Amino acid sequence: MSQKSQSLLDYLVENEPSFRKARLPALYSSFAAQRTLNPDGYAANLSAWRRALAKVAKSGLAPPPTSSSKPSLFVLNTDERLVSAFETKQYGRPLSLGLVIKEAVENKELVPLRNFLEQKESIYSRSWSVWGLAGWVLKTAGVTDFLKGSGDKVPKGQFVVVENVEGAGKAFGDGIKNKERRFERTFTRAHFAKVFNDQLVEGGSELSDTDMDVLLVFLARDKQMIDYDGKTVKIRDGEGEPEGLTDEDASIAQLKELLASLTHQTLLLSKRVEELGAQAKEAVTKQNRVAALAALKSKKLAEQTLEKRYATVNQLEQVQTQLEQASDNVQIVKVMESSSDALKSLTAKVGGVEGVEEVVDRLREQMADADEVGKILAEASGTTVLDEGEIDDELAEMERQEKEKDRKKVEEKQQREAEERAKEEQKEAEDLRKKLEAIGEVPDSAPVKDKETDEAEAIMGRLTLG
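The rules behind each value
- In this convention, every chain numbers its residues from 1, walking through the sequence in written order.
- In keeping with the predicted nature of the model, local features appear solely for residues at pLDDT of at least 70, side-chain atom pairs appear and are counted solely at 80 or more, and the whole-chain, interface and lining totals rest on all residues.
- Hydrogens and waters are ignored; side-chain quantities use all the structure's heavy atoms.
- Among buried residues, those of type Ala, Val, Leu, Ile, Met, Phe, Trp, Tyr and Cys that are joined through side-chain atoms within 4.5 Å constitute a nonpolar core.
- Note on classification: 1.4 Å probe, protein chains only; a residue is buried when its accessible area is under 20% of the maximum for its type, exposed when over 50%, partly exposed between these limits.
- For helices the rule is a DSSP run of H or I covering at least 4 residues; for strands it is a run of E covering at least 2, with both sets numbered from the N terminus onward.
- Residue contacts are counted whenever heavy atoms from the two residues lie within 4.5 Å of one another.
- Two N or O atoms count as a polar contact when they lie within 3.5 Å, although within protein this holds only if one can serve as hydrogen donor and the other as acceptor, and sequence-adjacent residues are included solely when both atoms are side-chain atoms.
- Two aromatic rings, drawn from Phe, Tyr or Trp (for Trp, its six-membered ring), form a pair once their centres lie within 6.5 Å of each other, and the interplanar angle then sorts them: stacked below 30 degrees, edge-to-face above 60, tilted otherwise.
- Geometrically, a lysine NZ or arginine CZ counts as sitting over a ring once it is within 6 Å of the ring centre and also within 35 degrees of the ring normal.

The name given to the protein chain in an unreviewed UniProt entry is Snf7 family protein, with Podospora bellae-mahoneyi as the source organism.

Caption draft 1: Representation of the nonpolar core within the structure. By size, the foremost hydrophobic cluster in this structure holds 34 residues, and its most contacted members are F19, W49, F86, L97 and I101. Taken together, the elements giving at least two residues each to this core come down to α1 (3-15), α2 (24-28), α4 (39-59), α5 (80-86), α6 (97-106) and β3 (157-161). By residue number, the principal contributor to this core is α4, which donates nine residues. In contact with F86, not counting residues within four places along its chain, are L8, L12, Y28, W49, L53, V56, G92, P94 and L97.

Caption draft 2: Focus on the side chain of E16. One can find E16 in the loop between α1 and α2. According to the relative accessible area criterion, E16 is buried, its value standing at 4%. A distance of 2.8 Å separates polar atoms of two side chains, one belonging to E16 and the other to S18. Setting aside chain neighbours within four positions, we find E16 in contact with Y11, R51 and K55.

Caption draft 3: Representation of the packing of aromatic side chains in the model. What the rule picks out here adds up to eleven aromatic pairs. Between Y124 and F218, the ring centres sit 6.4 Å apart and the planes meet at 65°, which makes this aromatic pair edge-to-face. One end of the pair, Y124, is in the loop between α7 (113-118) and α8 (135-141); the other, F218, is in helix α12 (residues 209-222), and 94 residues separate them in sequence. The ring of F116 carries the charged tip of R221 above its face, separated from the ring centre by 4.8 Å.

Given below as structure tokens:
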């Protein structure tokens, strides 16, 4: 028994309630006869194994396809490796695993991968069947013979776990509720995978290419939440937007992916500049002039590259803004066109000029208002141009304010020092006054000049001169 197979069973015992240790002997036994002898027990065993297979696939612990080392979370690969993964010394091999897979396929809980990807009809359609347009695929894979047989043998194939795909579809639907703008809803396939991977799977897992193909087909065909042509993905807005993808959608998706890539590069370059600056300072501290120069040269090159990246990002953001404005203009024109048709219909319902002058006047007023709104919208939809001079003035004002703050700090410091000096001089004057009073108490008949008297006269002299 391999460590991997033991870990697989341990995972189910810990995470799947129906795989309690007390039930393992029954689950690993051949329970086909229970279909007639004990229907409830038969159904319970089938249900437990179906949940177990879905959970094992979703965890990434199931054996990956032979063509890839990366596990699939939505596709279960059934072959001898899967049976061996469940095999243990204590319970042996799961004798009814083939029967479980057969029942799951017939109930559309497991769907052959190729059939799932190529079928045009939704898997929820009543006319959909594993024997549909891609039935020849099943026959080629040996699944047809398997489904018609006793079901004890595990077929060799790949099956989409519908439960796992549905869970990802629900998570996707919950995460796109606030995406209203067309630019927010359009992606390339690769960018879509990067943006939504963490939202769709748990535990830091990553969807394989096959998983992504399955999910995109499911969202487009079965849930009708997206439009997808193999390269571009657009989330539907659910507000009457025409179905399908356009050349504009492809351009938006490519621009968005490029902008995301360049933005990521600017973050890496900024971090690189900081690291090289720190290396240069450290080299100077250690008096390593050669290392310091090398670090500064690399830092300078990184800064130049970063500056170019920022310039490119700025240009792409301007293009993005223009595309969004153009898209909004299209919607505005459509609204104005529908409004024009509505006004035309209302005019026809008036039934002529005679006797309805008041209605006609109101209609003309509304038409004038509509034209005025159109002009305002046309003026508001113009391209916004950045005023470089205004930006420079704003930067200069910020620098002036910063210098003013520094000047005030210096003045406040000088004022505090002047106040402290004044306090010291006041204290000296007070001490002098006390000494002079003490000197005045000495009798005139016996004037005596001592050291303190001399010091007092000297201080008085300085004050007089001052």
